[in-house]
Amino acid sequence: MEIKYTRKNVYKQADGEQLEKIYSFAEDYKNFLNTSKTERGASATALKLAEEEGFTPFSFTEKLSPGDKRYFINRDKSIFLLKVGSDDIAKEGVRMMIAHVDSPRLDLKPNPVYEDGGLCYLKTHYYGGIKKYQWTAIPLALHGVIVLRGGEKKTVCVGEDEDDPVFYITDLLPHLAQEQVQKPMSKAIEAENLNAVIGGLPAVGEGEGEKEEKDAVKTAILNLLNKKYGLTEADFQCAELCFVPAGKARDVGFDRSLISAYGHDDKVCAYPEMRALFETDSPHTVMAVFADKEEVGSDGVTGMQCRIICDMLEAVAANLGANPVLVRHVTKCVSADVTAAYDPTYSSVFEKRNSTYISCGAAVSKYTGARGKSSTNDASAEYMGFIRDAFEDCGVIWQIGELGAVDLGGGGTVAKYIANLGIDTVDVGVPVLSMHAPFELVSKADVYSLYTAMLAFCKK
Ligand code: MN
Ligand code: MN
């Protein structure tokens, strides 16, 4: 028995075979990530993978039996994966893993198109917590859907293929930025300046000597969009389109030990929980949820404050012939979400002894919240004990910490909404550097550790 606690580095513990598993899992994760930039993308990718695994659609009224594998897609933006176990669900409940698949980004406004200075632009409204200056002067891709008059839905994805064009938000050149650089960072780039360039080729008038048309670039772009998608300017009012950083996940470092990508938060937890669900041979009934709207407070029909999570649990219980209230009260949940990894360059905002560290394994946060633990699910000692036993029984390398120093840190996850239903819940995720930046950084070792942690949780 070790008397003193010491944090372990996953890479230091790993032998050649384990290292291979870590790097190979990272390849699978990067592939998932590249088609999962938005909640719709992640849900569609999960659906495809689930179907390959033999999952079939969930019905709220069907009778279920052990071994059944089901999925429920909620409005194309959230997915529930269910694997029915062999034990008594009224005694053991459900092992629930919930990760969100929405990430900070730039949504389009309802009337986004305009022309100025010879260029056509789209106006944006940022979604989630961003540092606005990070979104200028980088290549952007456009993702989402447009619903045309009559209900036809068009899917848009431009900027991800090598041959695709990308989009671009300008910043001021240093030569003219003397005033800008004196401003506080929050004011240097205003939200209303996050306008993306989408074209610069004016429409040419039909007849000879025709007067130069006003907004000729906008006209040409709208014509082009009409040809490609059949849409008119008014159709932007019935659309969900957003700009995200263009490009694929990349290895970082000469040793390729890290991954930089857009949207690790929180696909880096969604992917391991899904893989754990696919692969577990647990006797318990297991559910993995990809949730939407976490970055803006988990409200709405696809967020985790929605009644849908209860409806699902109740339907599963009823379909197995168990009392839904009993099932809910013994259900156990892991809110799989990222936390801030200790960053030595910005050490003053962290408390060294209670931070999570890159490559030191799955990161547990007993509580989140701000200041005096305001607005947190604070997991009980008993539930922490259950989680520790689950992980250590299976040799999972894990660590525990807070998101930043007291009175400096703050943040929330879906944990409290699930706990408010009377379900024991704790946050377990991956430590991230540069969280919420266009490209975030994680360690392959931690992604793999979270996967082993999720497998252990399913089984305990
Ligand atoms: Mn998150
Ligand atoms: Mn986040």
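This text follows the structure it describes.
Residues numbered from 1 in each chain as written. Chains lettered and ligands numbered in written order. Predicted model: local features only at pLDDT ≥ 70, side-chain atom pairs only at ≥ 80, totals over all residues. Heavy atoms only, no water.

The subject of this paragraph is the packing of helix α2 (residues 16-34) against helix α12 (residues 444-459). For any two helices packed against each other, the geometry is given by the interaxial angle and the distance between the axes. Contact pair α2 / α12: the axes reach a minimum separation of 9 Å and the direction vectors enclose 90°. One element, α2, and the other, α12, form an angle in the roughly perpendicular class. In this structure, α2 contributes Lys21, Ile22, Tyr23, Phe25, Ala26, Glu27 and Tyr29 to the contact, and α12 contributes Lys444, Ala445, Val447, Tyr448 and Tyr451. Class assignment of the residues belonging to the contact of α2 with α12 gives a composition of 9 nonpolar, no polar and 3 charged. (Axes fitted to C-alpha atoms, helices over the stretch in contact; angles between N-to-C directions. Helix = DSSP H or I, 4+ residues; strand = E, 2+ residues; numbered from the N terminus. Parallel < 35°, antiparallel > 145°, perpendicular 65-115°, else oblique. Contact = heavy atoms within 4.5 Å. Nonpolar A, V, L, I, M, F, W, Y, C, P; charged D, E, K, R; others polar.)

As a further point, take the sheet that holds strand β3 (residues 78-83). Picture the strands of a sheet paired through backbone hydrogen bonds; they go either parallel or antiparallel. The mixed open sheet is built from 9 strands, whose spatial order is β1-β2-β3-β14-β4-β15-β19-β17-β18. Here the strands that pair on one side only, and so sit at the sheet edges, are β1 (56-57) and β18 (398-400). Across 6 bridges, the pairing between strand β2 (residues 69-74) and β3 is antiparallel. Its bridge partner lying in β3, Phe72 is registered against Phe80. Lying over the sheet, helix α3 (residues 39-52) contacts β2, β3 and β14 (285-291), oriented at roughly 25° with respect to β3. (Pairing = 2+ DSSP bridges.)

Our next topic: the pairing of strand β5 (residues 105-116). As paired strands, β5 and strand β6 (residues 119-127) are joined by 8 bridges and run antiparallel to one another. Each bridged residue has a counterpart across the sheet, and for Leu106 the counterpart in β6 is Tyr126. Remark: 2 residues form the turn of the hairpin made by β5 and β6, two consecutive strands paired antiparallel; Gly117 in that turn has positive phi of roughly 60°. Of the pairings in the sheet, the one linking β5 to strand β11 (residues 239-245) comprises 2 bridges and is antiparallel in character. The residue bridging Asp107 from the neighbouring strand is Cys242, located in β11.

Before going further, it helps to spend a moment on the coordination of the manganese ion (ligand 1). For the manganese ion (ligand 1), every protein donor is listed as His100 (NE2), Asp265 (OD), Asp337 (OD) and Asp337 (OD), and the spread of their distances is 2.1 to 2.7 Å. Here the donor residues of the manganese ion (ligand 1) are spaced in sequence according to H-x164-D-x71-D. (Donors = N, O, S within 2.8 Å, 3.2 Å for Na, K, Ca; no water.)

Relative to each other, α2 and helix α7 (residues 264-279) sit at 120°, their axes nearing to 10 Å. In terms of orientation, α2 lies oblique with respect to α7. Handedness of the crossing formed by α2 with α7: right-handed. Across from Phe25, Asp28, Tyr29, Phe32 and Leu33 in α2, the residues of α7 making contact are His264, Lys267, Val268, Tyr271, Pro272, Met274 and Arg275. Split by residue class, the contact of α2 with α7 holds 8 nonpolar, 1 polar and 3 charged. (Left-handed = near helix turned anticlockwise from the far one by under 90°.)

Our next topic: the coordination of the manganese ion (ligand 2). The protein atoms that coordinate the manganese ion (ligand 2) are Asp265 (OD), Glu295 (OE), Glu295 (OE) and His436 (NE2), at distances spanning 2.0 to 2.6 Å. Here the donor residues of the manganese ion (ligand 2) share one chain and are spaced in sequence as D-x29-E-x140-H. In this structure, the manganese ion (ligand 2) is positioned 3.4 Å from the manganese ion (ligand 1), and both are ligated by Asp265. Of the two residues, Asp265 sits in helix α7 while His436 sits in the loop between β20 (431-432) and β21 (440-443), which places them 171 residues apart along the sequence.

Residues separated by three or four positions in an α-helix point in the same direction, a consequence of the helix having 3.6 residues per turn. Look at α3: 20 Å from first C-alpha to last across 14 residues, which is about the 20 Å you get at 1.5 Å a residue. Taken together, the buried positions of α3 are occupied by Glu39, Arg40, Gly41, Ala42, Ser43, Thr45, Ala46 and Ala50. Remark: Gly54 follows α3 within two positions and exhibits a positive phi of approximately 90°. (Expected span 1.5 Å × (residues − 1). Buried < 20%, exposed > 50% of the residue type's maximum accessible area, 1.4 Å probe, protein only.)

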